[in-house]
Every structure is written in structure tokens, then in C-alpha cells.
Amino acid sequence: MSEHTESPGDSTGTGSGTGPRPEPIRYFGTTWVEHDGGYVLRRAAVGAGALVTAFAAALVLRFAYQGLAIAEVGGFVNVLVVVMFAVCSAIAFRKTWESFGRRPTGSASEDSLRSLKAIGFIGSLIAYSLRCLTEAPGEQLRRAEYETALRQYEKRRGSRSGNPAARARRSGGSRRN
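Rules behind the numbers
Residues numbered from 1 in each chain as written. Predicted model: local features only at pLDDT ≥ 70, side-chain atom pairs only at ≥ 80, totals over all residues. Heavy atoms only, no water. Axes fitted to C-alpha atoms, helices over the stretch in contact; angles between N-to-C directions. Helix = DSSP H or I, 4+ residues; strand = E, 2+ residues; numbered from the N terminus. Parallel < 35°, antiparallel > 145°, perpendicular 65-115°, else oblique. Left-handed = near helix turned anticlockwise from the far one by under 90°. Contact = heavy atoms within 4.5 Å. Nonpolar A, V, L, I, M, F, W, Y, C, P; charged D, E, K, R; others polar. Phe/Tyr/Trp six-rings, centres within 6.5 Å; stacked < 30°, edge-to-face > 60°. Buried < 20%, exposed > 50% of the residue type's maximum accessible area, 1.4 Å probe, protein only. Expected span 1.5 Å × (residues − 1). Core = buried A, V, L, I, M, F, W, Y, C linked by side-chain atoms within 4.5 Å. Patch = residues over 30% accessible without salt bridge, like charges linked within 9 Å, V, L, I, M, F, W, Y side chains within 5 Å. Areas by Shrake-Rupley, 256 points an atom, 1.4 Å probe, with all protein chains shown as cover. Salt bridge = Lys/Arg side-chain N within 4 Å of Asp/Glu carboxyl O.

Enquirer: Before we go on, may I ask you to explain the packing of helix α1 (residues 39-71) against helix α5 (residues 121-131) in this structure?
Expert: Packed helix pairs are specified by the crossing angle of their axes together with the interaxial distance, meaning the distance between the axes. Contact geometry of α1 with α5 gives a least axis separation of 8 Å together with a crossing angle of 160 degrees. When the axis of α1 is compared with that of α5, the two are roughly antiparallel. In the crossing of α1 with α5, the sense of the turn from one axis to the other is left-handed. Contacts between α1 and α5 involve V46, G47, A50, L51, T53, A54, A57, A58 and L61 from the former and F121, I122, L125, I126, Y128 and S129 from the latter. The class makeup of the residues in the contact of α1 with α5 is 12 nonpolar, three polar and no charged.

Below, the structure is given as C-alpha cells:
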């Protein structure tokens, strides 16, 4: 059993001495750092999977709409349902797209939009699929954070070069009488 225990949020690498470690991204792990380990294939698979799932969800919504037509609920309800799903999908798309570039704040406004994003899940799936065309979703944010952590680590590491006791001896710290 390893004695080294490090919390998942510890990106300084202080326990192992290897420096900061990249934060894994769902479905990609840390392959986004060097674009290795099947990164491009994973991006294509995740993007296609999100698109296929969005298409399947649209079919399910179509069947639900046909159920409303069979129930003869009226034109107003039919229009209301279509507009509701369109607006919720647009909001979910926008919020999902924005989330790729910033960390969630956990504010009350984000929590209040959770139900709208759940209803408009097709928009979220489409945003996820489109982002996979250029990068892993969230890669740009994590890369910026990782590179900043690396620069800070190198700066700290460079300022602590060597053993201070050895420096004292070299500069005349051990005197001969």
C-alpha cells in the first residue's frame, strides 16, 4: 500500500516531486496534454456519440409530439411544447458552450437554469459534439490552467536551486583556524 496520498485537486505535485499534473477530462483522461493515446479517435468517437444521442433524443421528442397530436390537445399546446423545447435547447447550448471556457461558479443563477438545461439536453449534446470538432470539451481551459501551474512550478523550482547548507560551505561558511 502506498504511503503517498494526494487529493485529486492537488495539482502542485508536492507529494511526488514531479510538478503539476494535468487534470483529466471525461472520456479523454490526460491524453489531451500531448494529444496521444488515441486522442483524435476519442474526439471523433465522443463527438459522433453525442450527435447520435442528440438525433435519437430528437426522434423520441418527435414521438412525444405525435402523441400530443393523437391526443388532440390543440394547436396552442403543440406550439407551446415546440417553442419550450427550442428555447430550452438554445439556452442549454449556450450555457454548455460557455462552460467549456470557464469554471462553474456554483451561483444561484446557474442552479436555477439546471431544469432548463435538462429539458434542452439536445442543445447540450450538440454543443458537446461541435466542440469535439476542434478540441476535447474543456481542453482550452484546462490547458491554460496546466501551463500556468507549470510556469509557477518552474519558477519556484528555479529559485530553490541546491542545498542551502552546501552553499554556505562554498561561500566560506566553514572556517579554518
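After that view, the rundown keeps rolling.
Enquirer: Explanation requested: the packing of aromatic side chains in the structure shown.
Expert: Given two aromatic rings, one states the distance between the centres and the angle between the planes to describe the pair. This structure, assessed with the given rule, holds five aromatic pairs. Residues F93 and W97 carry aromatic rings whose centres are separated by 5.8 Å and whose planes lie at 15 degrees to one another, so their mutual orientation is stacked. Residue F93 and its partner W97 are both found in helix α2 (residues 75-99); the two are separated by four residues, about one turn of the helix. Residue class for F93 comes out partly exposed when judged on its relative accessible area of 28%. Overall, W97 belongs to the partly exposed group, its relative accessible area being 33%. Three or more aromatic residues joined by ring pairs make a cluster, and in this case those are F93, W97, F100 and Y128.

Enquirer: Teacher, can you tell me more about α1 here?
Expert: The periodicity of an α-helix, 3.6 residues per turn, causes residues three or four positions apart to be oriented the same way. Between the first and last C-alpha of α1 there are 48 Å, a value that for 33 residues agrees with the 48 Å anticipated at 1.5 Å per step. Along α1, the positions that sit buried rather than exposed are Y39, R43, V46, G47, A50, A54 and A57. The positive-phi residue at the C-terminal boundary of α1 is E72, with phi of around 50 degrees.

Enquirer: Would you mind going over the nonpolar core with me for this structure?
Expert: Note on soluble globular proteins: their nonpolar side chains tend to be buried together. By size, the foremost hydrophobic cluster in this structure holds 12 residues: I25, F28, W32, V33, Y39, V46, A50, F100, Y128, C132, A136 and Y146. Filtering out sequence-adjacent residues up to four positions away, A50 remains in contact with L125, Y128 and S129.

Enquirer: Hey, could you run me through a nonpolar patch on the surface in this one?
Expert: A surface patch of nonpolar side chains, about 460 Å² in accessible area, is lined by L51, W97, I126, L130 and L133. Checked against the element boundaries, I126 lands in helix α5. Looking at I126, the relative accessible area reads 32%, which means it is partly exposed.

Enquirer: Looking at this structure, I do not really get the pattern of salt bridges. What am I missing?
Expert: Scanning the model with the defined rule gives nine salt bridges in all. When the shortest N-O distance is used, the salt bridge between E98 and R102 registers 3.7 Å. Since its relative accessible area comes to 27%, E98 is described here as partly exposed. Across the salt bridge formed by E139 and R143, the nearest N and O atoms sit 2.9 Å from each other. In this pair, E139 and R143 both sit in helix α6 (residues 139-159), four residues apart, roughly one turn of the helix. Residue classification places E139 among the buried positions, given a relative accessible area of 4%. We classify R143 as partly exposed; its relative accessible area is 21%. Residues joined in a network through salt bridges with shared partners are E23, R103, R142 and E145.

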